[in-house]
Amino acid sequence: MKDQKSPFIRQYVRASRSPWDDSSTILLLADVVNKQTLELGHTHYIYLHRDSVGKALGISISNSLFEANPEFTERY
């Protein structure tokens, strides 16, 4: 179980495109492509960005969520 990667938490291997000095993300919302295998899609998503000690820095949303919500001014 320890060697198994979680589809919900991602530790960065390379620099993020976010405006923060983040080192990992937690997936808060995603499309479910296949419930049996827990395959997740990336059409609609929300990520929580965290620093190296787990402090929450902010969220990012998918382009589709951004475009569907005109009250949002940016994706981050």
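Scoring rules and cut-offs
- Residues numbered from 1 in each chain as written.
- Predicted model: local features only at pLDDT ≥ 70, side-chain atom pairs only at ≥ 80, totals over all residues.
- Heavy atoms only, no water.
- Phe/Tyr/Trp six-rings, centres within 6.5 Å; stacked < 30°, edge-to-face > 60°.
- Helix = DSSP H or I, 4+ residues; strand = E, 2+ residues; numbered from the N terminus.
- Buried < 20%, exposed > 50% of the residue type's maximum accessible area, 1.4 Å probe, protein only.
- Polar contact = N/O pair within 3.5 Å; in protein donor to acceptor, adjacent residues only side chain to side chain.

With that settled, the discussion passes to the packing of aromatic side chains. Inspection of every chain in the model, using the stated rule, returns 2 aromatic pairs. Between W20 and Y76, the aromatic rings sit 5.9 Å apart at their centres with planes inclined by 80°, giving edge-to-face as the arrangement. In this pair, W20 is assigned in the loop between β1 (9–11) and β2 (24–34) and Y76 in the segment after α1 (63–68), connecting sequence segments 56 residues apart. W20 sits in the partly exposed class, given a relative accessible area of 25%. Centroid distance Y45 to Y47: 5.1 Å. Interplanar angle 55°. Geometry classified as tilted. Of the residues examined, Y45 reaches a relative accessible area of 15% and is grouped as buried.

The subject of this paragraph is the side chain of D51. Relative to the helices and strands, D51 is located in the loop between β3 (39–50) and β4 (56–61). Among the polar contacts listed, one links the side chain of D51 to the backbone nitrogen of K55, at a separation of 2.8 Å.

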